[in-house]
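# Observations on chain architecture
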Amino acid sequence: MYFIVSLLILVSFCIENVQGKLPGLLYPSESPTRERKDLSGIWNFRTCPYDDQNKGFNEKWYQKPLEQTGPVIPMPVPSSFNDITQESFIRDYFGWVWYDFEFFVPERYRSNSLRHVLYFGSAQYSVMVWLNGVHVINHSIGHLPFAVEVTSNIKYGLLNRVTVALSNRLTLETVPQASIQRFNDSSMYPAGFFEVTYPFDFMNYAGIDRPVYLYSTPVTYIEDITLTTDIEDKTIGVINYDVDYGSSNNETPTCYVQVYNKNRTLVIEAKGLKGTIKIDNVKLWWPNLMDPEPGYLYTMKITLNSSRGQDVYYQSVGIRTVSWTNTTFLINDKPFYFRGFGKHEDYDIRGKGVDIPTIVKDFNLIKWLGANSFRTSHYPYADEIMDRTDENGIVVIDESPACTLGTFGDELLENHRQAMAEMIRRDKNRPSVVMWSLANEPRSAEPKAKEYFRNVTSYTREIDPTGRPLTIVLSTSLDTDHAVIRFNSFFRFPLNKWQK
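The paragraphs below set out a description of the structure included in this document. Positions within a chain are numbered from 1, following the residues in the order the chain's sequence is written. Predicted model: local features are reported for residues with pLDDT of at least 70 only, side-chain atom pairs are reported and counted for 80 or more only, and whole-chain, interface and lining totals are derived from all residues. The side-chain figures draw on all heavy atoms in the structure; neither hydrogens nor water molecules are used.

## Notes on the overall build of the chain
This is how the line gets drawn: Think of it this way: any DSSP run of H or I at least four residues long counts as a helix, any run of E at least two long counts as a strand, and we number them from the N terminus. Values of the radius of gyration come from C-alpha atoms, whereas the globule rule sets the reference at 2.2 Å times the count of residues to the power 0.38. In this scheme, a residue with accessible area under 20% of its type's maximum is buried, one over 50% is exposed, and one in between is partly exposed, where area comes from a 1.4 Å probe on protein chains only. Areas reported as accessible are Shrake-Rupley estimates using a 1.4 Å probe. Residue values count occlusion only from the protein chains shown.
When you go through the chain residue by residue, the secondary structure sums to 6 helices and 28 strands. For 500 residues, the compact-globule estimate of 2.2 N^0.38 gives 23 Å, and the chain sits close to it at 24 Å. Overall, the C-alpha framework of the chain stretches about 80 × 70 × 40 Å when taken along its three principal axes. Relative to its full complement of 500 residues, the chain shows a buried share of 54%. As presented, the chain carries roughly 23000 Å² of accessible surface, and 50% of it is formed by carbon and sulfur atoms.

## Remarks on the pairing of strand β20 (residues 309-317)
Two faces, one strand: in a regular strand the side chains alternate between the faces of the sheet. Note the following rule: In short, DSSP must find at least two bridges between two strands for them to pair.
In terms of strand pairing, strand β19 (residues 298-306) meets β20 through 9 bridges, oriented antiparallel. Looking across to β20, one finds that Tyr298 is bridged to Val317. The loop that links β19 with its antiparallel partner β20 comprises 2 residues.

## Description of the nonpolar core
Keep this limit in mind: Nonpolar cores were defined as sets of buried Ala, Val, Leu, Ile, Met, Phe, Trp, Tyr and Cys residues, with membership established by side-chain atoms within 4.5 Å. Any two residues whose heavy atoms approach within 4.5 Å are treated as being in contact.
Ranked by size, the top nonpolar core spans 90 residues in total, and within it Trp43, Phe81, Tyr99, Val129, Val162 and Val164 carry the most contacts. Leaving out residues up to four positions away in the same chain, Phe81 has contacts with Phe45, Met75, Ile90, Tyr93, Val97, Tyr99, Leu166, Asn168, Ala206 and Gly207. Grouped together as the second largest cluster of nonpolar side chains are 31 residues, Tyr119, Leu284, Tyr298 and Val317 included.

## Some points on the packing of helix α3 (residues 356-368) against helix α4 (residues 383-392)
Put simply, the test is: Only C-alpha atoms enter the line fits that serve as axes; for helices the fit covers just the stretch in contact. Angles between N-to-C directions range over 0 to 180 degrees. In this scheme the crossing of two helices becomes right-handed for a clockwise turn of the near helix relative to the far one and left-handed for an anticlockwise turn of less than a right angle. Each residue receives one of three labels: charged for Asp, Glu, Lys and Arg, nonpolar for Ala, Val, Leu, Ile, Met, Phe, Trp, Tyr, Cys and Pro, and polar for the others, Gly being one of them.
Closest axis-to-axis distance for the α3/α4 pair is 10 Å, and the angle between their directions is 35 degrees. Two packed elements cross with a definite hand, and for α3 against α4 that hand is right-handed. For the pair formed by α3 and α4, the contact residues are Ile356, Ile359, Phe363 and Lys367 on the first element and Glu384, Ile385, Arg388, Thr389 and Asn392 on the second. Here the contact of α3 with α4 is built from residues that sort into 4 nonpolar, 2 polar and 3 charged.

## Considering the sheet that holds strand β18 (residues 274-279)
Sheet architecture is open: 3 strands sit in the order β14-β15-β18, paired in antiparallel fashion. The sheet is open, and its two edges are formed by β14 (221-232) and β18, each paired on a single side. Adjacent strand axes in the sheet meet at a mean angle of 20 degrees when their direction is disregarded. Pairing analysis gives 11 bridges linking β14 to strand β15 (residues 236-246), with the strands arranged antiparallel. Along β15, the bridge assignment pairs Asp230 with Val238.

## Overview of a nonpolar patch on the surface
What counts is decided by this rule: Each patch groups residues whose relative accessible area exceeds 30% and which form no salt bridge, using 9 Å between like charges and 5 Å between nonpolar side chains of Val, Leu, Ile, Met, Phe, Trp and Tyr. Salt bridges are defined by distance alone: a side-chain nitrogen of Lys or Arg within 4 Å of a carboxyl oxygen of Asp or Glu.
Taken together, the side chains of Phe341, Leu365, Trp368 and Leu369 define a hydrophobic patch exposed on the protein surface, amounting to about 440 Å² of accessible area. Along the polypeptide, Leu365 turns up in helix α3. Note on Leu365: relative accessible area 33%, which makes it partly exposed.

Structure representation (C-alpha cells):
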C-alpha cells in the first residue's frame, strides 16, 4: 500500500494501568434495573486528507456536527468502512477517519439514582471519543470493548451527539503490527510518500465494528463478576463467585445470588459478595457431540441492595472442568479432541462488522460439519459470537490480536499485555473458552523474542483468575517447552509427494 501523508498527530491512548487490576466491564445486558439504548444505525463519516491528517483535530470537528464542517457520507455502525463504498481510496485508507451520530436521551434518565455509560463493543484501532463536544475516552486495543461513564456529559431531554476519531494506522509498536517505509528521494517520489507493509495475511478491516450502546445502571452497581467452576464426586457442581461493586459512597451493599436451571427453575440461593455454591445432580457443560445436550448453561441472578437502591445482573455459567496431561486434553475428566477451525469474522460488504444472520449461519455450518471447536484467529471475536459458543458447546481457543509480531520493543510489550488483560477481563467467565492464545506466528527465533514472551506469559498467568492453560501458534522451530502444541492442517493446499 502506498500513501502520501503529513506527520500524524501523536496521542497517548493508555487508558488503564495494566500493572494493576482492570476495572470491571460487564456486557451491557438489560435487567429490571438496567436499560440499554442501541446507537447502531447510519452514522456520518469522513476521511482526512492524506496530506493533512491533523485537519479534524486542528479544526475541532468534534465541537459541532460533522456535516457542518464539510461533506460526509453515510456509514453503517456496526461495520468496517472499507467495502461500503465503491471508492478504492476508502477501501485502502490508512489514517484518521471521523464518525458522528445524534440521538435523544429521555428526560427520565435524569436521576440521582442512575449512572449512564457509553459502551463500544470494539473499534479498530486507536479511538478518541467526544460526547457533545467533550472528550470522554481514548482506547487503542482493537477487537475488545471499552466504556466510559458519561452521566455528567448528557443533555437530558435533548439531542446528543457522539463523535469518534478513529485511526487504523498500525506501527511496530501496535498490536498487531505494520511497518512503514518512507521514501525521501524527491526525484522519484512525491513529498511524504511512504509504503505500508502488513505482515499478517488478512485484510486490515477497520471501523466501529461492533455495537455502541448508552447503558444505564443504578449508582451503586455490580461492576464485575468472576466465576470458576469445579466438580465434586462426579455429580456435584461447584461455582465459586466473586462480585465487585462500584459506589459513590463507602457503604458495603448486600448481595444475593440465585441460580436457575435451563427451565428457569430456581435451583439454589446464596448470600454474600463472595462465596461457593454447590449444586446436586448437576448438569455439566459439555462440548458439541460429547453429550445429548451440549452447552448447558445455568443462569445466576445477582442482586445488589444498598441504601441507594437495587441492582440486578444476569450471568450465564456453564459448570465444567479443564485439565491436561502430557498427552491428553480433558474436559470434565474426559479426553477432548479438537476438531475445528481457525476462522475469521470477515464477510462480504460489512468486513468485520457484527452481522447476526451470518453468525447464526456459521454455527449451523460448524455443527453440520461435525466440528466442536475453533480458534479466534487472529483476534478476540465479538460477544455475539462468543455467546453462541457457550450456548452450542463449541470449544474456543481465545487468541489475542498479536499476530505475526516481528520486533519486540517495550512499547509493544505494554500494548500486548494490555490486550491480554482486556481479553481475559471480557471472556474469563465463558465455559467455551479453554485456552488463552498469546499470539499467532511471531518471529520467535529473534533474539529478543524469548524474554518478551517470558514476560507476556508470566503476566498473563498473574492476572488470569481462572488458571486456564496458555498456548501460542509458532511457525519456527520449537526450542522451548509449551503446555500445548497445535498442528494446523491446510487441506486446501495441494500435497507435495513427500507429504502424502
